[in-house]
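Descriptive structure summary
If you want the building blocks of each chain, they are given just below.
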Amino acid sequence: MKNLKVATAALAATMGSAFVGEALAADVTWNVSLWGKRRAFTEHVEKLSKEVAVRTNGKFEIKLHYGGALSKSRENLDGISIGAFEMAQFCASYHADKNPTLTTTDLPFLGVPDLETQVKVDFALYNHPAVQKDLGRWNAKLLMPSPMPQYNLLGKGDAPAKLADFEGMRVRALGGVGNAMKTIGAVPTTVTASEAYQAIDSGTVQAVAFAPHAHLSFKTVEAGSWWTNNLNPGTVSCPVVVSTDAYDMLSPEFQKALDESVAPAVQHYLDTYAKVYDKFYPALEANGVKQISFTEEELEGFKAVAGKPIWDKWVEDMSAKGLPAAELLTLVQNTIAGK
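Residues numbered from 1 in each chain as written. Predicted model: local features only at pLDDT ≥ 70, side-chain atom pairs only at ≥ 80, totals over all residues. Heavy atoms only, no water.

Inspection of the secondary structure assignment puts L110 in the loop between β3 (87-89) and α4 (115-126). Judged by its relative accessible area of 10%, L110 falls in the buried class. Separated by 193 residues in the primary sequence, L110 and K303 have C-alpha atoms spaced 7.6 Å apart. Sequence-distant contacts of L110, that is, excluding residues within four places in its chain, are made with T104, T105, K303, W311, L329, V332 and I336. (Helix = DSSP H or I, 4+ residues; strand = E, 2+ residues; numbered from the N terminus. Buried < 20%, exposed > 50% of the residue type's maximum accessible area, 1.4 Å probe, protein only. Contact = heavy atoms within 4.5 Å.)

Turning our eyes to something else, we now look at the layout of surface pockets. The space that makes up the largest pocket amounts to roughly 1,400 Å³. As for the largest pocket, its lining consists of 46 residues, and the residues nearest its centre are S93, M148, Y151, T235 and V236. Residue assignment for the lining of the largest pocket shows that the elements contributing at least two residues are α6 (175-183), α8 (212-217), α10 (252-286) and α11 (296-320). Take the lining of the largest pocket: its biggest share by element is five residues, from α11. (1 Å grid on protein atoms, 1.4 Å probe; cavity = no way out; pocket = protein on both sides within 12 Å on 5 of 7 lines; lining within 4 Å. Points joined across faces, edges and corners; volume = space filled by probe spheres on them.)

The next subject is the packing of aromatic side chains. All chains considered together, the criterion is met by 13 aromatic pairs. On the numbers, 6.1 Å between centres and 80° between planes, the contact of F123 with Y126 is edge-to-face. Note that F123 and Y126 are positioned in helix α4 at a spacing of three residues, about one turn of the helix. Centroid distance Y277 to Y281: 5.9 Å. Interplanar angle 20°. Geometry classified as stacked. Taken together, the positions of Y277 and Y281, both in helix α10 and four residues apart, correspond to about one turn of that helix. Among the residues examined, Y281 registers a relative accessible area of 29% and is labelled partly exposed. Taken together, the ring pairs connect F109, F166, F294 and F302 into an aromatic cluster. The ring of W138 carries K98 above its face, with NZ or CZ at 5.6 Å from the centroid. Positioned above the aromatic ring of Y247, the side-chain terminus of K141 is 4.7 Å from the ring centre. (Phe/Tyr/Trp six-rings, centres within 6.5 Å; stacked < 30°, edge-to-face > 60°. Lys NZ or Arg CZ within 6 Å of the ring centre and 35° of its normal.)

Moving on to the state of the cysteines. Within this structure, the stated rule accounts for one disulfide. The disulfide that involves C91 links it to C238, with 2.1 Å between the sulfurs. Disulfide C91 to C238: torsion about the S-S bond roughly 95°, handedness right-handed. Here C91 is found in the loop between β3 and α4, whereas its partner C238 is found in the loop between β9 (226-228) and β10 (239-243), with 147 residues between them in sequence. Taken individually, C91 and C238 each receive the classification buried, so the pair is uniform in this respect. (Disulfide = S-S within 2.5 Å.)

Once that is clear, we can look at the environment of L174. Structurally, L174 is set in the loop between β6 (170-172) and α6. For L174, a relative accessible area of 41% gives the class partly exposed. Measuring from C-alpha to C-alpha, the distance between L174 and Q198 comes to 17 Å, with 24 residues separating the pair along the chain. L174 has contacts with T189 and T190, leaving out every residue within four places of it along the chain.

A few words on the packing of α4 against helix α12 (residues 325-336). Across the interface, α4 lies against α12 with an axial gap of 9 Å and an inter-helix angle of 150°. As judged from the angle between their axes, α4 and α12 are roughly antiparallel. In this structure, the crossing between α4 and α12 has a hand that is right-handed. Contact with α4, carried on its side by T117, K120, V121, A124 and L125, involves L328, L331, V332, T335 and I336 of α12 and no other residues of that element. Its residues assigned to classes, the contact of α4 with α12 comprises seven nonpolar, two polar and one charged. (Axes fitted to C-alpha atoms, helices over the stretch in contact; angles between N-to-C directions. Parallel < 35°, antiparallel > 145°, perpendicular 65-115°, else oblique. Left-handed = near helix turned anticlockwise from the far one by under 90°. Nonpolar A, V, L, I, M, F, W, Y, C, P; charged D, E, K, R; others polar.)

Summarising burial for strand β4 (residues 140-145): five of the six residues are buried, a large majority. Direction of pairing for β4 relative to β10: antiparallel, over a ladder of five bridges. Bridging from a neighbouring strand, M144 pairs with V240 of β10. (Pairing = 2+ DSSP bridges.)

The biggest cluster of nonpolar side chains holds 55 residues, and the ones touching the most others in it are W30, L48, M87 and L258. The dominant element in this core, judged by the number of residues it contributes, is α10, at nine residues. The contact partners of W30, leaving out residues within four places of it in the chain, are F60, E61, I62, K63, E86, M87, V242, A246, Y247, L250 and L258. Listed in part, the 29 residues of the second largest apolar core include I80, L102, V112 and V332. (Core = buried A, V, L, I, M, F, W, Y, C linked by side-chain atoms within 4.5 Å.)

Our focus in this paragraph is the side chain of S73. Following the sequence through the fold, S73 ends up in the loop between β2 (60-65) and α3 (76-82). Among residues more than four places away in sequence, those in contact with S73 are W35, F90 and Y94.

All right, on to helix α2 (residues 43-55) then. Over its 13 residues, α2 extends 18 Å from the first C-alpha to the last, a length consistent with the 18 Å expected when each residue adds 1.5 Å. Within α2 the residues assigned to the buried category are E43, H44, V45, E46, L48, S49, E51 and V52. Where α2 is buried, its residues contact β1 (28-33), β2, β3, β4, β10 and α10. Of the residues trailing α2, N57 is marked for its positive phi of about 55°. (Expected span 1.5 Å × (residues − 1).)

This is the structure:
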């Protein structure tokens, strides 16, 4: 009899837990496709998930899936297009032909001074009808950027003081930054990130183009002797998008919760990167790395040689596709200038 009572109580407890779990289950669950591990690059998505949960009392759940569990990084936009998941992060350079308007901010030597400005630039671009139409082809609604710091150079040996000093310099620089360096006479190489320290330490390359967090992660700060503090040759555009269909299916209450969670999520991202800089600059000093700042006149020289020709070619190519390329570039430039 005693055992029966115990078993009955256990069953009741189990059923009660099940009912409680069911009562607390989210009304709506969204899945987010991410790659790699949790890091500064994904902190805004982490924050967004928490903010939405709080604002909806747990009724709207945003589940983060790392390591390419839902999709490969270069296929995230395709996954959004077919409704495989509701939210994803990707970089425009993965498939420039699929999101040509977003490549505006991939152009070199735009002169973005900091992440706060990059955020303003990204949102200004996202709000342009042509950009929204471009992403709309993939059933994607732009939600927020993943603002990446400028890929400045950390090098070893004689520090460059002017444009001509980059002539013949072997630089680990990929994509748009690599193309820009090539136009000023440098020789871009495709050394992998994990090989960057050895490459600069051995002299295989004379400089490496990374964002600050990567210079820390791959320890190039321990091998270099100089850092271009404000060259700002370029960066990459990596937005977070949501499925337009999934967004439209949300109740007005949940849409409002999601939209209002963007600002605190982006601020959290910026705060996280501020801590990266708190580590980066002391690391430069500790390793005796000299910080090089170019004058406005010198930076204008870089833009004239390694920026404008590439911008002009981009405008020509994008305009041929029927896109308002000149308008988009002007929008970005005016936002950077604070106009």
